[in-house]
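Here is how the chains run, residue by residue.
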Amino acid sequence: MAELAERPFPPGDYPVVVVGSGPGGLQASYFLRQLGVEHAVISADLGAGGMFRRFPFFQRLLSWTKPYAPVSRTERWYEWYDWNSLLAAEPHNRSIMPELMDGTSSFPSRPEMEANLVEFARRTALQVRYDCRWASTRRDGELFVLRTSDGEYRCRAAVFAVGVAQPWKPDTPGFDSAVHYADISPAEQYAGKRLFIVGKENSAFELATGLLPWAQRIVLASPRPAKLSVNSHSLAGVRARYIQPVEDEILGGGVFILNASISRVERMGGGFRVHCLRSEGGGELVVEADEVIAATGWTCPLADLADIGVTLFGRSMLPSMTNYWESATVPGIYFAGTIGQGAAGMKKYGLPANSGAVHGSRYNTRVMVHHLARTKFGIEPDRPSIPSDRVTDYLLEEATTAPELWNQKSYLARALSLDPAEGVRDDGIVPLADFVDMEGTAAVAIAVETDDSGDIHPAVYVRRAGRPAVETLLQSHPLHDFRGADNHARVAALLKEATGGAIR
Amino acid sequence: MPVSSSEKAAALSAVPLFAGITPESMMRLAEVAGEQDFPAGSFIVRQGQVGTGLYVILSGSVRVLRGAEELARLGPGDFFGELSVIDQQPRIASVQAETDARCLALASWDLLALLEGDTQLAQNMIRGLVARLRASGEHHHH
Amino acid sequence: MALSQQQLVDMLGGLSLFADLSRPQLEQVAHKMAEESYPAGQRILRQGFSGTGFYVILDGEVAIRIDGEERARLAKGDFFGEMSVLLGEPPVADVVALRQLHVLHLGGPELEGFLRDHPPVMFRMLKAVALRLRNASRWRS
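Here the residue numbers are simple positions, counted from 1 along each chain's written sequence. Labels are handed out in written order, letters beginning with A for the chains and numbers beginning with 1 for the ligands. Only residues with pLDDT of 70 or above have their local features reported here, since the model is predicted, and side-chain atom pairs are shown and tallied only from 80 upward, although totals for entire chains, interfaces and linings are computed over all residues.

Turning to the overall build of chain B, a few remarks are in order. Secondary structure is summarised from DSSP: a helix means a run of H or I of at least four residues, a strand means a run of E of at least two, and numbering begins at the N terminus for each. Helix and strand counts for chain B stand at five helices and eight strands. Ordered by position from N to C terminus, the α and β elements of chain B give α-α-β-β-β-β-β-β-α-β-β-α-α. The C-alpha atoms of chain B give 15 Å as radius of gyration, which agrees with the globular expectation for 142 residues (14 Å, within 12%). C-alpha atoms of chain B, sized along the principal axes, occupy 40 × 35 × 25 Å. Put simply, a residue is buried when 20 or more other C-beta atoms lie within 10 Å of its own C-beta and exposed when 12 or fewer do; between those, it is partly exposed, and each C-beta is set from the backbone. The buried share among the 142 residues of chain B stands at 36%. Counting only contacts in chain B whose residues sit at least 6 apart along the sequence, the fraction spanning at least 24 positions is 73%. Using C-alpha atoms as the atom set, the radius of gyration is obtained and then compared with a globule rule of 2.2 Å times the number of residues to the power 0.38. By definition, residues are in contact whenever their C-beta atoms, placed on the basis of the backbone, come within 7 Å of each other.

Structure representation (structure tokens):
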């Protein structure tokens, strides 16, 4: 009993409980504390870091942090160059990642990333009850009751930041004998082996790249062709650092990439026979392999949340959620970190935001926590006044420099309300999909967007009182400085029209 | 005066519906398309008839009618009649030559065969239908 | 509702748009399109906005509204968004989820390639659009 009491947040009643101690859980706790919302943080892990305590296996992260950048590390603009640090208001708690990198690369290694998160928790003195596993959930009137390995927690609101971290394999016959990415052995154990990797996204290619020096032969297979980020001109698709296997296939270097679905996996002797159905036709192909590895993705480890009404969707079993990352079916349940990708947003041109990565989700989590604090606990945000002759400049400055807008294109926006009664007020960073559909007082929002040609430009959304917002796309600029005269004139004209001349 | 194959091909390639189709499809089109002349006032197709083909206007102008109501006017390069080709249902409107008009006529079976072989043509067809759907949505009659 | 991969592929095979595809082709379609979920009241297509995509409804119902007035409803198996994508013009209507909506989404720039890769889907779409035109019963033969 004495041991239980020494760890923070013993079981009991708290206004909010945060589950998880990866980037999402830590970031949520930081902002809850900043807003004065009392809460507990519990985690099944033994230390901070979340998925970065184990993954990625072979390579560095796909997200960069530039130790030397055009701006100082304590400024907001440095967030452009640092996709791995968590957000904080205090200068000494910001931009921790570059302090821990050894300078050989602008992409941290896994241990460096884990250290970054551990250090953030330490410096900000965030408390977490580690080694406390959330097992089940039920409702008790207005409250949620979370049963854990240490006992029960009751709360008015719960924030689940448990990641998309549960290995998932399709229910194809014989797949249970395939090893998931999460459980592979050290690289040397694959020396001289014929490998069959199911999947063609980043984790499959990461494995293939890491095992190229060891495997005798590598076959990669999935129904559709690989989508490469260099072709899609975005970060959607297999990233450049993992496409060596594609070149190896072209050079005839023992790599084969198939478009096929797997109909079954058969054990044979000491190995496997994988029965494939080629997507382009041509019948069945049987491939022999010594090891079959399923790089088939992950699901959300949401325990029994579905039993209290949380709807899940998709292969990854993501929860259906509102634009503020609250469960669409059980109000009071919120999501932080990578699970926030369940809120698709506008996805213009089919391009997703970066909600699955730290440099996107850290902003989502900040917005979510502010929303939770306001709607559940009546904590109203500051809404500074903006002088009417500064409005256009401010909007274009945000489009040119705001890391929230740049990292979450067409997803997060800076919103200002234009209610004539109170003058122009800064409503902060908001989810764009929520802003454009809301009908309320006059308001304007600016976002940064891109299209299928890769052009990056601001977009202004003007809402007149009682009507949904109208979109206006602005001009791009070769150096991404959107503050030119043309854009200025356009925005000024839109504002003048929206406010009947009050702003010009 | 009969129109030569190459003149037909030239007229066809100016029609947006056939933009970007393969040279083989274009050749086949020119072979199977027959030209027909319609004096001013005559009906090219009638509402309620079973449709047998699609028409491309080479010269002249036509009126699209439902009963007495004129829905549209079409001119050189425009096409009509494709809906019945796709779904074999009766014509939903009549088309009457306003001036003397010359059209290329494409029989249903020929067009369907071409659609199956040429995905660009099918795509152009969808685009054409979709454009029409949008235009029709903007009318406010019932 | 969270479908397993097999269940998703089974369901796609039951939709008329994909009725002519073989199993491996259905799997390809399932892989190419993204599953998304939207709460009731959310707009999926927005009148006048750029960057729209193509959607197939897996579960739920949407209303098509022009200037606030409901014109039609779509449900499981129906598709929308192709008009704007194919014409390269913004939508002229809003499409709003009437209750929790589960869809497959293909980004606009990928639709043409997708239809070219799957001609049977294109023909089914052609027929569906022709039917819509006929029902709009306003156009020529």
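From this point, the narrative continues.
This part is about the pairing of strand 21 (residues 456–463) of chain A. Residues and elements named next belong to chain A. A large share of strand 21 lies buried, amounting to six of its eight residues. As paired strands, strand 20 (residues 443–450) and strand 21 are joined by eight bridges and run antiparallel to one another. Its bridge partner being in strand 21, Ile-446 is matched across the sheet by Val-460. Hairpin connection of strand 20 to strand 21: five residues between the antiparallel strands, including Gly-454 at a positive phi of 90°. With four bridges connecting them, strand 21 and strand 22 (residues 470–473) associate as antiparallel partners. Of the residues in strand 22, the one forming a bridge with Val-460 is Thr-472. Turn length for the strand 21-strand 22 hairpin, with the two strands adjacent in sequence and antiparallel, is six residues, and the turn residue Gly-466 shows positive phi of about 75°. Two strands pair under a simple rule: DSSP has to find at least two bridges between them.

So, on to the interface of chain C and chain B. In this assembly, 26 residues from chain C lie in contact with 31 residues from chain B. Secondary-structure elements contributing two or more residues to the side of chain C that touches chain B are helix 3 (82–87), helix 4 (108–117) and helix 5 (119–136) of chain C. Of all the elements, helix 5 of chain C adds the most residues to the side of chain C that touches chain B, at 13 residues. For the side of chain C that touches chain B, the per-class residue count stands at 16 nonpolar, two polar and eight charged. Each residue gets one label: Ala, Val, Leu, Ile, Met, Phe, Trp, Tyr, Cys and Pro are nonpolar, Asp, Glu, Lys and Arg are charged, and the others, such as Gly, are polar.

As a further point, take the domain arrangement of chain A. For interface size, the figure often reported is the accessible area lost on association. All names here are of chain A. Domain parsing of chain A yields domain 1 (12–165 + 300–377), domain 2 (175–296) and domain 3 (391–498). Segmentation into domains, and thus their bounds, comes from an automatic or database assignment. The C-alpha centroid of domain 2 is placed 31 Å from the C-alpha centroid of domain 1. Contact residues are listed per partner, giving seven residues for domain 1 and nine residues for domain 2. For the side of domain 1 that touches domain 2, a count of residues per class yields six nonpolar, one polar and no charged.

Residue and element names in this part refer to chain A. Strand order in this open sheet of seven strands is 7-13-8-9-10-11-12, and the pairing throughout is mixed. Each edge of the sheet is formed by a strand with only one pairing partner; in this case those strands are strand 7 (179–180) and strand 12 (284–289). Here helix 6 (residues 244–251) sits on the sheet in contact with strand 9 (217–222) and strand 10 (255–268), set at roughly 95° to strand 10. Only C-alpha atoms enter the line fits that serve as axes; for helices the fit covers just the stretch in contact. Angles between N-to-C directions range over 0 to 180 degrees.

The interface is formed by 32 residues belonging to chain A together with 32 residues belonging to chain C. Taken together, the elements giving at least two residues each to the side of chain A that touches chain C come down to strand 10, strand 11 (271–278), strand 15 (312–313), helix 10 (432–437) and strand 22 of chain A. Looking at the side of chain A that touches chain C element by element, the count peaks at three residues for strand 22 of chain A. By residue class, the composition of the side of chain A that touches chain C is 14 nonpolar, eight polar and ten charged.

As a rule of thumb, non-glycine residues mostly have phi less than zero, and peptide bonds are mostly trans rather than cis. Residue and element names in this part refer to chain A. In the segment running from Phe-55 into Pro-56, the intervening peptide bond is cis, with an omega of -5°. Position of Pro-56 among the secondary structure elements: in the loop between strand 2 (39–42) and helix 3 (110–123). Residue Ser-410 is not a glycine yet carries a positive backbone phi of 60°. Within the secondary structure, Ser-410 sits in the loop between helix 9 (403–407) and strand 18 (412–417). Phi is positive for His-480, which is not a glycine, with a value near 60°. For His-480, the location among the structural elements is in the loop between strand 22 and helix 11 (485–498).

Glancing now at the packing of helix 1 (residues 5–13) of chain B against helix 2 (residues 23–32) of chain B. What describes two packed helices is the angle between their axes and the distance between those same axes. Residues and elements named next belong to chain B. Here helix 1 crosses helix 2 at 120°, and the two axes come no closer than 9 Å. Along this stretch, helix 1 crosses helix 2, giving a crossing that reads as right-handed. On helix 2, the residues touching Ser-5, Lys-8, Ala-9, Leu-12 and Ser-13 of helix 1 are Met-26, Leu-29, Ala-30 and Glu-31. In this scheme the crossing of two helices becomes right-handed for a clockwise turn of the near helix relative to the far one and left-handed for an anticlockwise turn of less than a right angle.

This part covers the confidence of the model for chain B. Residues and elements named next belong to chain B. pLDDT expresses how confident the predictor is about each individual residue, on a scale running from 0 to 100. Confidence in the prediction of chain B, expressed as mean pLDDT, is 83, and 93% of residues score 70 or more. Of all helices and strands in chain B, the one with the weakest mean pLDDT is helix 1 (77), whereas strand 7 (residues 94–97) scores best (94). Counted against residues more than four places away or in other chains, residues 138–142, with its pLDDT under 50, gives one contact.

Below, the discussion takes up the environment of Leu-396 of chain A. Residues and elements named next belong to chain A. Looking at the element boundaries, Leu-396 is found in helix 8 (residues 391–401). With 22 C-beta atoms counted inside 10 Å, the residue Leu-396 sits in the buried group. If we ignore the near neighbours within four places in the chain, the residues touching Leu-396 are Phe-482, Arg-483, Asn-487, His-488 and Val-491.

Ranking the two pairs of chains in contact by number of contacts places chains B and C first. Without any contact between them, chain A and chain B keep their closest C-alpha atoms 17 Å apart.

Residue and element names in this part refer to chain A. Pairing is antiparallel across the open sheet formed by five strands, whose spatial order is 19-18-20-21-22. Of all the strands in the sheet, just strand 19 (425–431) and strand 22 have a single pairing partner and so form its edges. Averaged over all pairs of adjacent strands, the angle between their axes in this sheet comes to 25°, without regard to strand direction. The sheet strands contacting helix 8 are strand 18, strand 20 and strand 21, and the helix crosses strand 20 at an angle near 30°.

Further remarks concern the pairing of strand 18 of chain A. Residue and element names in this part refer to chain A. Counting buried positions along strand 18 yields five of six residues, so the element is predominantly enclosed. As defined by bridge partners, strand 18 adjoins strand 19 across six bridges and the pair is classed as antiparallel. Across the sheet, the residue bridging to Arg-414 is Ile-429, located in strand 19.

Another aspect to go through is the packing of helix 1 (residues 5–14) of chain C against helix 2 (residues 23–32) of chain C. Residue and element names in this part refer to chain C. Running from N to C, helix 1 and helix 2 point in directions that differ by 110°, and their axes come no closer than 9 Å. Taken together, helix 1 and helix 2 sit at an angle that is classed as roughly perpendicular. Here helix 1 contributes Leu-8, Val-9, Leu-12 and Gly-13 to the contact with helix 2, which in turn contributes Arg-23, Leu-26, Glu-27, Val-29 and Ala-30. Along the lines of polarity and charge, the residues of the contact of helix 1 with helix 2 split into six nonpolar, one polar and two charged. Throughout this description, any angle smaller than 35 degrees is read as roughly parallel, any larger than 145 degrees as roughly antiparallel, any in the 65 to 115 degree range as roughly perpendicular, and the remainder as oblique.

By convention the nonpolar core is taken to be a set of buried residues drawn from Ala, Val, Leu, Ile, Met, Phe, Trp, Tyr and Cys and joined through C-beta atoms within 7 Å. One finds Val-17 and Ala-445 of chain A to be the most contacted residues of the largest nonpolar core, which totals 190 residues. Looking at which element gives the most residues to this core, the answer is helix 5 of chain C, with eight residues. Looking at which domains feed residues into this core, each of domain 1 (12–165 + 300–377) and domain 3 (391–498) of chain A gives three or more. Apart from the residues lying within four places of it in its own chain, the contact partners of Ala-445 of chain A are Ala-413, Arg-414, Ala-415, Val-430, Leu-432, Phe-435 and Tyr-461 of chain A. In terms of nonpolar packing, the next biggest core, distinct from the first, is built from 33 residues, Val-238, Ile-257, Ala-289 and Ala-294 of chain A among them.

This part takes up helix 1 of chain C. All names here are of chain C. Among all positions of helix 1, only Leu-8, Val-9 and Leu-12 are buried. Projection of helix 1 onto a plane perpendicular to its axis shows the buried side chains occupying an angular sector of 95°, all on one side. Away from the buried face of helix 1 by more than 90 degrees, exposed residues Gln-7 and Gly-14 are located. At its buried positions, helix 1 is contacted by helix 2. Throughout, the arc means the angular range of directions from the helix axis out to the C-beta atoms.

This part covers the environment of Asp-10 of chain C. Residues and elements named next belong to chain C. Its location among the elements puts Asp-10 in helix 1. Among the residues examined, Asp-10 registers 13 C-beta atoms within 10 Å and is labelled partly exposed. Distance from Asp-10 to Ala-136, taken between C-alpha atoms, is 32 Å for residues 126 residues apart in sequence.

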